Amino acid sequence: LGLFRLPALSASLAAYLVGTFVAFGAFFFIFQYLQLVLGQSPLVAALWAMPSFFAFIAGAMLTPVLVRRVRPGFVIAAGMAVAATGYGLLTQVDVDSALALLVTSSVVFSLGEAFVFTLATDVIVGAAPPEQAGAAAALSETSSELGGALGIAVLGSIGAAVYRSQMADAVPGGVPPAEAETAKDTLGGAVATAGTLPGELGAGLLDAAREAFVQGLQIAALTSAVIAAVTAALSVLFL
């Protein structure tokens, strides 16, 4: 526990945790959007996510170049600021948006997060005494896993709450009560239920569910953007 007294280590751990928190939460919504709102197959959805993964790779390769000229704390802060911009773009995605907007937002926040992910572990391990490097590396991995799990849980819950709130009065009148409850629970349930209903009734339910899901996505993305921006400012202060 004495490792947490090292300011650089604790600040980097926090930045890493927050970085994974917002990134995992964003991808949780993005893949549902691609498959359940746009109706793409899992394979096509995965292919549209590839640009963001290439952005991660590019950011990881660019980070060592930047650190030769700029202090690590400023690079981490810049990465979180870039990520905040990407999450801000994600707030503009709606049911009828061009796919380019979603892809661009994921590329931007992935590029920024790559700076954070690449540097945080380096700072964490480097700040620890040599004999405790293994413990510091384990803390880094634990921070990443915890941040990702919390991101899906917390941001996913925010999105689910918004979805259910929007769907409370949006289900078309002709939908049977049991099917209506299923549709109000999740977008996946609404898509499955819509497939069992006749023509326009199913289409109306699907449109309402997709609109409600996008509202949840926008609120979660706005939350991520604010968190990333605050983390960027705090990284300058503490790193």
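Let me sum up the structure you'll find in this document. This one's a predicted model, so the numbers in the text were calculated from it and none came from an experiment.

## Regarding the nonpolar core
Of all hydrophobic cores here, the largest spans 63 residues; its most connected members are Tyr33, Tyr87, Leu90, Leu102, Tyr163, Met167 and Phe213. Elements supplying a minimum of two residues to this core: helix 1 (7-37), helix 2 (42-67), helix 3 (72-90), helix 4 (99-127), helix 5 (133-167), helix 6 (177-185), helix 7 (187-194) and helix 8 (199-238). Sorting elements by how many residues they give to this core places helix 1 first, with 15 residues. Residues contacting leucine 102, with those up to four places away along its chain left out, are Ile30, Tyr33, Leu34, Leu90 and Val93.

## Considerations on the packing of helix 3 against helix 8
Closest axis-to-axis distance for the helix 3/helix 8 pair is 8 Å, and the angle between their directions is 165°. Overall, the two elements helix 3 and helix 8 adopt an arrangement that is roughly antiparallel. As for how helix 3 packs across helix 8, the hand of that crossing is left-handed. On helix 8, the residues touching Gly73, Phe74, Ile76, Ala77, Met80, Ala81, Ala84, Tyr87, Gly88 and Leu90 of helix 3 are Leu217, Ala221, Ser224, Ala225, Ala228, Ala229, Thr231, Ala232, Ser235 and Val236.

## Describing the pattern of salt bridges
In total, this model carries 2 salt bridges according to the counting rule given. One salt bridge in this structure joins arginine 164 and aspartate 185, with 2.9 Å as the shortest N-O distance. Residue arginine 164 is found in helix 5, and its partner aspartate 185 is found in helix 6; the two are separated by 21 residues along the sequence. Judged by relative accessible area, which is 41%, arginine 164 ranks as partly exposed. The salt bridge involving glutamate 181 is made with lysine 184; its shortest N-O contact spans 3.9 Å. With glutamate 181 and lysine 184 both in helix 6 and 3 residues apart, this pair spans about one turn of that helix. Since its relative accessible area comes to 51%, glutamate 181 is described here as exposed. By relative accessible area, lysine 184 is classed as partly exposed at 24%.

## Things to note about the side chain of serine 110
By the element assignment, serine 110 lies in helix 4. When residues no more than four places from it in sequence are discounted, the contact partners of serine 110 are Phe27, Ser52, Ala55 and Phe56.

## A closer look at the packing of aromatic side chains
In this structure the tally under the stated criterion is 8 aromatic pairs. Plain terms: the ring middles of tyrosine 16 and phenylalanine 117 are 5.6 Å apart, the flat faces sit at 55° to each other, and that makes the pair tilted. In this pair, tyrosine 16 is assigned in helix 1 and phenylalanine 117 in helix 4, connecting sequence segments 101 residues apart. With a relative accessible area of 8%, tyrosine 16 lands in the buried category. Between tyrosine 87 and phenylalanine 109, the ring centres sit 4.7 Å apart and the planes meet at 20°, which makes this aromatic pair stacked. Of this pair, tyrosine 87 sits in helix 3 while phenylalanine 109 is found in helix 4, placing the two residues 22 residues apart along the sequence. Comparing tyrosine 87 with phenylalanine 109, the two get one shared label, buried.

## A short note on the packing of helix 1 against helix 2
Between helix 1 and helix 2, whose axes approach to 8 Å, the crossing angle comes to 145°. Between helix 1 and helix 2 lies a crossing of right-handed hand. Of the residues in helix 2, those touching helix 1 at Phe27, Phe31, Leu34 and Gln35 are Pro42, Ala45, Ala46, Trp48, Ala49, Ser52, Phe53 and Phe56.

## Describing a nonpolar patch on the surface
A surface patch of nonpolar side chains, about 740 Å² in accessible area, is lined by Leu43, Leu47, Met50, Phe53, Phe54, Ile57 and Met61. Note that phenylalanine 53 resides in helix 2.

## As for the side chain of threonine 20
Structurally, threonine 20 is set in helix 1. Assessed through its relative accessible area of 1%, threonine 20 is described here as buried. Those residues within four positions of threonine 20 in sequence are excluded, and the remaining contacts are Gly25, Phe117, Ser143, Ser144, Gly147 and Gly148.

What counts and what doesn't
Residues numbered from 1 in each chain as written. Predicted model: local features only at pLDDT ≥ 70, side-chain atom pairs only at ≥ 80, totals over all residues. Heavy atoms only, no water. Core = buried A, V, L, I, M, F, W, Y, C linked by side-chain atoms within 4.5 Å. Buried < 20%, exposed > 50% of the residue type's maximum accessible area, 1.4 Å probe, protein only. Helix = DSSP H or I, 4+ residues; strand = E, 2+ residues; numbered from the N terminus. Contact = heavy atoms within 4.5 Å. Axes fitted to C-alpha atoms, helices over the stretch in contact; angles between N-to-C directions. Parallel < 35°, antiparallel > 145°, perpendicular 65-115°, else oblique. Left-handed = near helix turned anticlockwise from the far one by under 90°. Salt bridge = Lys/Arg side-chain N within 4 Å of Asp/Glu carboxyl O. Phe/Tyr/Trp six-rings, centres within 6.5 Å; stacked < 30°, edge-to-face > 60°. Patch = residues over 30% accessible without salt bridge, like charges linked within 9 Å, V, L, I, M, F, W, Y side chains within 5 Å. Areas by Shrake-Rupley, 256 points an atom, 1.4 Å probe, with all protein chains shown as cover.

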